[in-house]
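Survey of secondary and tertiary structure
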Amino acid sequence: MPSTELPQQMSARRIDRPVPLRERVYQAMQELIISRQLAPGQHLVESELAEMLGVSRQPIREALQLLNSEGWVDLRPGYGAFVHAPTEAEVDQLLVVRAALEAESARLAALNTDAEGVARLRKLCAQGEAAVASDDIDGMVAANAELHRCVTELSANQVLLDMVSQVDRRVRWYYTPIARHRGHQSWQEHARLIDAIEAGDADAAARTMREHTERTRQSYLEQRRENPEPEVAPVQVRSRRRRTAPGV
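In this report, the structure presented in the accompanying data block is examined. In this text the structure is predicted, and so the values were computed from the model without any measurement. Note that residues are indexed from 1 along each chain, following the sequence as it is written. With the structure being a predicted model, the display of local features is reserved for residues of pLDDT at least 70 and the display and counting of side-chain atom pairs for 80 or more, all residues being used for whole-chain, interface and lining totals. In computing side-chain values, all of the structure's heavy atoms are included and hydrogens and water are not.

Overview of the environment of Leu94
To be explicit about the condition: Numbered from the N terminus, helices here are DSSP runs of H or I no shorter than four residues, and strands are runs of E no shorter than two. A 1.4 Å probe rolled over the protein chains alone gives each residue an accessible area, and that area as a share of the maximum for its type sets the label: buried under 20%, exposed over 50%, partly exposed in between. Contact criterion: two residues are considered in contact whenever any of their non-hydrogen atoms come within 4.5 Å of each other.
For Leu94, the location among the structural elements is in helix H4 (residues 88-112). Overall, the relative accessible area of 15% leaves Leu94 in the buried class. Setting aside residues up to four positions removed in sequence, Leu94 forms contacts with Val167, Arg170, Val171 and Tyr174.

Looking at the pattern of salt bridges
To be explicit about the condition: Each reported salt bridge corresponds to a side-chain nitrogen of Lys or Arg within 4 Å of a carboxyl oxygen of Asp or Glu.
Tallied over the full model, the rule gives 15 salt bridges. Glu153 is paired through a salt bridge with Arg120; the nearest N and O atoms lie 2.7 Å apart. In this pair, Glu153 sits in helix H6 (residues 137-154) while Arg120 sits in helix H5 (residues 115-133), placing the two residues 33 residues apart along the sequence. The exposure class of Arg120 is partly exposed, given its relative accessible area of 37%. In this structure, Glu189 and Arg182 form a salt bridge, with 2.6 Å as the shortest nitrogen-oxygen distance. No difference in accessibility class separates Glu189 from Arg182, as the two residues are buried. It is possible to trace a salt-bridge network through shared partners that takes in Glu46, Arg57 and Arg61.

A closer look at the packing of aromatic side chains
Selection rule: Geometry of aromatic contacts follows a simple scheme: Phe, Tyr and Trp rings, the Trp one being its six-membered ring, pair when their centres are within 6.5 Å, and the pair is stacked under 30 degrees between planes, edge-to-face over 60, tilted otherwise.
Scanning the entire structure with this criterion turns up three aromatic pairs. Consider the rings of Trp72 and Trp173, whose centres lie 5.0 Å apart with planes at 45°: the pair is tilted. With Trp72 in the loop between helix H3 (57-69) and strand S2 (73-76) and Trp173 in helix H7 (residues 158-175), the pair connects residues that are 101 residues apart, well separated along the chain. Trp173 carries the same exposure label as Trp72, and that label is buried. Aromatic side chains Tyr174 and Tyr220 sit 5.7 Å apart centroid to centroid with 50° between the ring planes, which places their arrangement in the tilted category. Taken together, the residues span a long stretch of sequence, with Tyr174 in helix H7 and Tyr220 in helix H9 (residues 202-226) at a distance of 46 residues. Across the pair, exposure class does not vary: Tyr174 and Tyr220 are buried alike.

Section: unusual backbone geometry
With a phi angle near 70°, Arg36 is a residue other than glycine that sits in the positive phi range. With respect to the helices and strands, the residue Arg36 is situated in the loop between helix H1 (21-34) and strand S1 (43-44). Residue Asp135 is not a glycine yet carries a positive backbone phi of 55°. As for its position among the elements, Asp135 is in the loop between H5 and H6.

Keep in mind these values describe shape, not function.
What follows is the structure in structure tokens.
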């Protein structure tokens, strides 16, 4: 029988697969939601989004379907698409899971990291402190996300990194409105966390991370109760009929 194995000397150039337009539109819209440029409860009008992103309405429609399937957007028959407004229970549940995952990340990072890893963390912490000093909300949120991701990368556990990555975008979404309120305190907590990781103290690193994420959770819930998300009344979408001349 002829061999079914490919010759060892055979080589093939991998085919580049460009990212579909709907995926790029999806990513752009998701980032607008995370940064709160599209606010919770906001009505999303296809034509306005298409003009904003410089595309036709078709990829906008496809992106809205994807965002709806992942809980970023609510599609209401007869009313249209709206940015999802997370409930207090949704936020609380996700931040509790995040605390458990990241406490383990910190514990493992303390056992596995090296001087180069600690230097990366110090640099990110300095960036976050600089963002606080200049009142740069986007910079605070970005540096916070990068530092937490770096801790998980230093854990050397790919499964844990994959799981943390699944909740990372929503954590950024929830963190944005409290970044200024957490301010310097958050970065002081980060500095203590890095100290524990550098010292190789796994228990202290896990405890510090757990306390840090719990303070963030409590800060979000307090902020939400004091300043609840505004209720946005849905506007019913009327079908557009083609105009005709009188008597036709």
